[in-house]
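# Residue-level structural notes
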Amino acid sequence: MSVVLAHFKEQTLQHLRAPAYLLPTLALPGLFYFLFEGPDTEVGLVTFLMASYAMWAILGVAFFQFGAGIAEERATPWERFLRTLPLSGLQRLAGRVLSAALFAAAAAAVVIVEAHLINPVSVAAGRWLPWLGALGAGGLVVALGGIAMGYWASPRAATPVATLAWLLLAYLGGLWATPGELPGWAAEVSPYLPTRLWGEVTWAAVQGQAASPGGWLGLTAWAVGFAVLALWGYRRDEGASYR
Amino acid sequence: MIELTDDAVGARAVAELRGVHKHYGEVEALRGVDLQVGPGELVALLGPNGAGKTTAVGVLLGQRRPNAGSARLLGRDPTLPATRRLVGAIPQLAGFPDNLTVAEVADFVRVHYPDPAPTPELLERFGLSQVAGRRAGGLSGGLTRRLAVALAFAGRPRLVVLDEPTTGLDVESRRGLWEILRAFVADGGAVLLTTHYLEEAQALASRVVVLADGQVVAHGSVEEITARAGLSRGHVRVPSPPGLEEAILRLTGGSS
């Protein structure tokens, strides 16, 4: 466990000291929520959007810490040096996941606290647990997407790809407004995207409604797809670099 | 957990390649390489660029899978992380995260070993105490190399595998590392190092293994190598280092 904790600390310190990582993940979602969504008085809307922006914040951690992070690090001398240590790939991954979970929680917390400070958001006591559960479950799915991106994107392309995917999936998933406000072409694509499916289960949870089974099924399908891509990419990278 | 007993370490070669073939597509990087490093021995792996030295080190450390033949570290499979608990190594290219200090990097690395050296002691030994609080990614080339070598000793290893450890080091640092390696070997440690500095091999190595075109073309003491190439200290008028250089050039087909 101490090795996993050491990797958690190493990842966390590195990211805490990197403004290029902190700005999009911790600052932008909260800033955008303030600029575009608040202050407002419509309780249902601001609560719905608080849930949406918390998802966008977690999506940013998944894509930048896993996607851009893995892609940029995997070819570095440091990663090659780590291969000489008595260390398994699973321990390294566990350290990364713990660190990302901390940043994801912090990024979502910034939005949630801010929303409570500037808007009349309302989440009933009994809805918090289902809501946070839905946030976490969807976070795992997009984390798998980030890991897949990390092993398939080239180091130089990773940050632009992560940025583009982060913005597009947020917009098309209906996280910046409400899905009903999307233009026609986007509205047609939206129901099939992981962010929209994540939104469906999260919005239902925060509003105290039952999520449609389709949302969970769709998310599960994306999780399987991302996991296969991540494993495939990992093995491909291992083959290219180390075998 | 794999227990590496004294018997396991001492009774056989600490590091061993046996009949190793490794190819990358059409390119045959290693062609039936045999290599052993015993306790209390420093083996220098020499050869021209592209001879297969780094690939041999990669196979030995479990980072490259041989197409044929086998690699053993301390009598164990080198691909198992537990095998590397008594092994320190530095790859040819060294580099550290921009956002961690030298002391943080050392603290991080030592956690992986069961009986690591304390960080202050390690940094002092390699002349890095003064830069302990500096960002590791911002060190000069020489300091980066020195930190890499220091980290190879972080776990109090029985074997260190050093791929061109002194490249970029100034003369004083190089000589300092030589003293550390001599003391380590005298204490029963085993070293495999690749180097382009023939004086280094001549000054340190108990044995020299010469690779050319993926094959071992000579092995033995410096004296045996030079003798095999048809040279002797008397044959070469300049002091000893060029004697080995001349021998390597002859054995690997280079011009002299």
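Residues numbered from 1 in each chain as written. Chains lettered and ligands numbered in written order. Predicted model: local features only at pLDDT ≥ 70, side-chain atom pairs only at ≥ 80, totals over all residues.

## Some details on the interface of chain A and chain B
The line we're drawing: A pair of residues counts as a contact when their C-beta atoms, built from backbone coordinates, are separated by no more than 7 Å. Only runs of H or I of at least four residues qualify as helices and only runs of E of at least two qualify as strands under DSSP, and these elements are numbered from the N terminus. Residues are grouped as follows: Ala, Val, Leu, Ile, Met, Phe, Trp, Tyr, Cys and Pro are nonpolar; Asp, Glu, Lys and Arg are charged; every other residue, Gly included, is polar.
At the interface, 21 residues of chain A touch 23 residues of chain B. Every element with two or more residues in the side of chain A that touches chain B is listed here: α1 (2-16) and α4 (77-82) of chain A. Looking at the side of chain A that touches chain B, the element that brings in the most residues is α1 of chain A, giving six residues. When the residues that make up the side of chain A that touches chain B are grouped by side-chain class, the tally is eleven nonpolar, five polar and five charged.

## What about the pairing of strand β8 (residues 207-212) of chain B?
Residues and elements named next belong to chain B. Filter applied, for reference: Any residue with 12 or fewer other C-beta atoms within 10 Å of its own C-beta is exposed, any with 20 or more is buried, and the rest are partly exposed; the C-beta atoms used are placed from the backbone. One bridge is not enough; two strands pair if DSSP finds at least two bridges between them.
When you tally the buried positions in β8, you get five out of six residues, the bulk of the element. Relative to β8, strand β3 (residues 42-46) is paired through four bridges, and the arrangement is parallel. If you follow L45 over to β8, its bridge partner there is V209. Joining the antiparallel neighbours β8 and strand β9 (residues 215-220) is a turn of two residues, in which D213 adopts a positive phi near 55°.

## A look at the sheet that holds strand β1 (residues 15-24) of chain B
Residues and elements named next belong to chain B. Short version of the rule: An axis is simply a line fitted to the C-alpha atoms; with a helix, the fit covers only the stretch in contact. Between two such axes, the angle follows the N-to-C directions and lies from 0 to 180 degrees.
One open sheet holds the three strands; their spatial order is β2-β1-β4, and the pairing between them is antiparallel. The two strands at the open ends of the sheet, each matched to only one other strand, are β2 (27-37) and β4 (68-73). For this sheet, the mean inter-axis angle between neighbouring strands, taken without regard to orientation, is 25°. In terms of strand pairing, β1 meets β4 through five bridges, oriented antiparallel.

## Observations concerning the sheet that holds strand β7 (residues 190-194) of chain B
Residues and elements named next belong to chain B. Read across the sheet, six strands follow the order β5-β6-β7-β3-β8-β9 without closing on themselves; strand pairing throughout is mixed. One side of each edge strand has no neighbouring strand; the edge strands of this open sheet are β5 (87-90) and β9. Direction aside, the axes of adjacent strands within the sheet are offset by 15° on average. One ladder, built from four bridges, connects β3 with β7; its direction is parallel. Note on β7: the bridge partner recorded for V43 is L192. Where helix α2 (residues 53-60) meets the sheet, its contacts fall on β3, β6 (159-163), β7 and β8, and the angle it forms with β6 comes to roughly 150°.

## A look at α1 of chain A
We count it as follows: The span you would expect from a helix comes to 1.5 Å times its residue count less one. In this description, one arc is meant: the one made by directions from the helix axis to the C-beta atoms.
Here α1 of chain A spans 20 Å end to end across 15 residues, near enough to the 21 Å set by a 1.5 Å rise per residue. For α1 of chain A, the complete set of buried residues consists of V3, V4, H7, E10, Q11, Q14 and H15 of chain A. Taken around the axis of α1 of chain A, the buried residues stretch over an arc of 125°, which confines them to a single face. Looking at the packing, one finds that the buried side of α1 of chain A touches α2 (19-37), α3 (43-73) and α5 (89-118) of chain A together with α3 (102-110) of chain B.

## So, the nonpolar core
What counts here: Throughout this description, the term nonpolar core refers to a group of buried Ala, Val, Leu, Ile, Met, Phe, Trp, Tyr and Cys residues whose C-beta atoms join them within 7 Å.
Ranked by size, the top nonpolar core spans 80 residues in total, and within it A44, A56, L60, L159 and V161 of chain B carry the most contacts. If one sorts the elements of this core by residue count, helix α5 (residues 141-152) of chain B sits on top with seven residues. Sequence-distant contacts of L159 of chain B, that is, excluding residues within four places in its chain, are made with V14, A15, V37, L73, L74, L86, V87 and A190 of chain B. Judged by nonpolar contacts, the second largest core, of 65 residues, contains M55, A62, V141 and F226 of chain A.

## Considering the environment of E42 of chain A
Residue and element names in this part refer to chain A. The residue E42 is located in the loop between α2 and α3 in this model. C-beta crowding within 10 Å serves as the criterion here: with 11 such atoms nearby, E42 is assigned to the exposed category. Between the alpha carbons of E42 and L129 there is a distance of 23 Å; along the sequence they are 87 residues apart.

## Some remarks on the pairing of β9 of chain B
Bridge analysis of β8 of chain B against β9 of chain B gives five bridges, and the strand direction is antiparallel. Paired with A212 of chain B across the bridge in β9 of chain B is Q215 of chain B.

## Looking at the packing of helix α6 (residues 128-152) of chain A against helix α9 (residues 194-206) of chain A
All names here are of chain A. Definition in use: Throughout this description, any angle smaller than 35 degrees is read as roughly parallel, any larger than 145 degrees as roughly antiparallel, any in the 65 to 115 degree range as roughly perpendicular, and the remainder as oblique.
Relative orientation of the contacting elements α6 and α9 amounts to 170°, with a least axis distance of 8 Å. The pairing of α6 with α9 is recorded here as roughly antiparallel in orientation. Contact with α6, carried on its side by P130, W131, A134, L135, G138, V141, V142 and G145, involves P194, W198, V201, T202, A205 and V206 of α9 and no other residues of that element. Considered class by class, the residues forming the contact of α6 with α9 number eleven nonpolar, three polar and no charged.

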